[in-house]
Amino acid sequence: MSVEGKNRIITTQRLLEMKSKGEKIAMLTAYDFTSARIVDEAGIDIILVGDSAANVMAGHETTLPITLDQMIYHAQSVVRAVKNPMVVVDMPFGTYQGDSKQAVSSAIRIMKESEADALKVEGGKEVIESIKRILSTGIPVMGHLGLTPQSIHKFGTYSVRAREEEEANKLLADALSLEEAGCFAIVLEKIPAELGTKVAASVKIPVIGIGAGGGVDGQVLVMHDMLGLNKEFSPRFLRRYHDLRSEMLKAFRNYISDVRSGDFPNDQEQY
Ligand code: KIV
């Protein structure tokens, strides 16, 4: 797909090709225009407008409260910014689980109003009817298995999923069902690396991991976490690429001090 004025170089076809050539896929979240533009400039393959916006943008404890309207707002801001990467938008909790008709109308709203490229849906066989209905409208769907944060109240904890054989077998069966249904990729969150490798080897579509080890086809991180903006969130899978929180604190403190001392603005900083 090529959008006028944009040059989406990452398509579902390109992602399949990347998997078949063993080229790793890099995905990051973004929720706003300015950071999405920087992530695009850095050369990312996929931007996920994650419902983790509920946590890192809005301060909720879980991803459940974010609404369809709020996800559309974030998606619009990101789509306005980016040229090259594929933009995938999370379908928020409560907009696709119960009723596949509702799933289609939610999906169509996101795609029409944001002009994103694809959607991500959490869950396996339980939501397969919704996924199939969405796919039947021509909207590409990325699956999400393992730790699925929208089901946190069912799990009761954010600990590693599918350590036991029964859950691991279900996860593999779900991945095969998502592939068969026509999903173009699957995110695997917080599962044993061995299982991540097995799933990636069992499906032809790309498998993108977050805490699923190095044997999958790509990786995704939440931007705020990898930039070191959250001191509190420190799972083993998280590599922090910066300590932006400290940098920001320093800048804010310097500004406050300059205002209070009268150093800012100086003669060159006024009209
Ligand atoms: O919402 C999100 O950011 C996600 C990633 C953790 C994969 O779903």
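Only a predicted model underlies this, so the values are computations on that prediction, with no experimental measurement involved. (Residues numbered from 1 in each chain as written. Predicted model: local features only at pLDDT ≥ 70, side-chain atom pairs only at ≥ 80, totals over all residues. Heavy atoms only, no water.)

Structural notes on the nonpolar core
- Val89, Leu119, Ile134 and Leu188 are the most contacted members of the largest nonpolar core, which has 61 residues in total.
- Broken down by element, this core gets its largest block of residues, seven residues, from helix α4 (residues 68–81).
- When near neighbours in sequence (up to four residues on either side) are disregarded, isoleucine 134 contacts Met91, Ala103, Val104, Ala107, Leu119, Val121, Ile139 and Val141.
- With 17 residues, the next largest nonpolar core counts Ile10, Ile25, Leu48 and Ile210 among its residues. (Core = buried A, V, L, I, M, F, W, Y, C linked by side-chain atoms within 4.5 Å. Buried < 20%, exposed > 50% of the residue type's maximum accessible area, 1.4 Å probe, protein only. Helix = DSSP H or I, 4+ residues; strand = E, 2+ residues; numbered from the N terminus. Contact = heavy atoms within 4.5 Å.)

Thoughts on the pattern of salt bridges
- Applying the stated rule across the entire model yields 11 salt bridges.
- As a salt-bridge pair, lysine 120 and aspartate 90 come within 2.7 Å of each other at their nearest N and O atoms. Pair noted here: lysine 120 is in strand β4 (residues 118–122) and aspartate 90 is in strand β3 (residues 86–90), with a separation of 30 residues, a long-range link.
- Among the ionic pairs, glutamate 167 bridges to arginine 161, the shortest N-O distance being 3.1 Å. (Salt bridge = Lys/Arg side-chain N within 4 Å of Asp/Glu carboxyl O.)

Some points on the packing of aromatic side chains
- Under the counting rule described, the total for this entry stands at two aromatic pairs.
- Here phenylalanine 233 and phenylalanine 237 contribute two aromatic rings whose centre-to-centre distance is 6.5 Å and whose plane-to-plane angle is 70 degrees, an arrangement assigned as edge-to-face.
- Of the residues examined, phenylalanine 233 reaches a relative accessible area of 38% and is grouped as partly exposed.
- Cation over ring: arginine 161 sits above phenylalanine 155, and NZ or CZ is 3.8 Å from the ring centre. (Phe/Tyr/Trp six-rings, centres within 6.5 Å; stacked < 30°, edge-to-face > 60°. Lys NZ or Arg CZ within 6 Å of the ring centre and 35° of its normal.)

Some points on the domain arrangement of the protein
- Split by domain assignment, the protein resolves into domain 1 (2–240) and domain 2 (244–271).
- The C-alpha-based centres of domain 1 and domain 2 are spaced at 39 Å. (Domains from an automatic or database assignment.)

Notes on the packing of helix α8 (residues 165–181) against helix α9 (residues 193–202)
- Close contact between α8 and α9 brings their axes to 10 Å; oriented N to C, the two are set at 30 degrees. Relative to α9, α8 is oriented roughly parallel. With respect to the hand of their crossing, α8 and α9 are arranged in right-handed fashion. Facing Ala168, Leu171, Leu172, Ala175, Leu176 and Glu179 of α8, the residues of α9 in contact are Leu195, Lys198, Val199 and Ser202.
- By residue class, the composition of the contact of α8 with α9 is seven nonpolar, one polar and two charged. (Axes fitted to C-alpha atoms, helices over the stretch in contact; angles between N-to-C directions. Parallel < 35°, antiparallel > 145°, perpendicular 65-115°, else oblique. Left-handed = near helix turned anticlockwise from the far one by under 90°. Nonpolar A, V, L, I, M, F, W, Y, C, P; charged D, E, K, R; others polar.)

Topic: the environment of glutamine 270
- Residue placement: glutamine 270 occurs in the segment after α11 (244–261).
- For glutamine 270, the side chain forms a polar contact with the main-chain oxygen of asparagine 266, separated by 3.1 Å. (Polar contact = N/O pair within 3.5 Å; in protein donor to acceptor, adjacent residues only side chain to side chain.)

Section: the pairing of strand β1 (residues 25–29)
- Of all five residues making up β1, four are buried, and the element is well covered by its neighbours.
- Strand direction decides the pairing type here: β1 and strand β8 (residues 218–221), joined by four bridges, are parallel. For isoleucine 25, the partnering residue across the bridge sits in β8 and is glycine 218.
- Pairing analysis gives three bridges linking β1 to strand β2 (residues 46–49), with the strands arranged parallel. Looking across to β2, one finds that leucine 28 is bridged to isoleucine 47.
- In this view, the connection linking β1 to its parallel neighbour β2 by way of helix α2 (residues 33–42) has right-handed handedness. (Pairing = 2+ DSSP bridges. Right-handed = clockwise from strand over helix to strand, strands pointing away.)

Some thoughts on helix α6 (residues 128–136)
- Where α6 is concerned, the buried positions are Ile128, Ser130, Ile131, Ile134 and Leu135. Around the axis of α6, the buried residues are gathered within 160 degrees of arc, so they sit on the same side.
- Those residues of α6 that are buried lie in contact with α5 (100–114), β4, β5 (141–146) and α8.
- Phi for glycine 138, located one or two positions after α6, is positive at around 95 degrees. (Arc of directions from axis to C-beta.)

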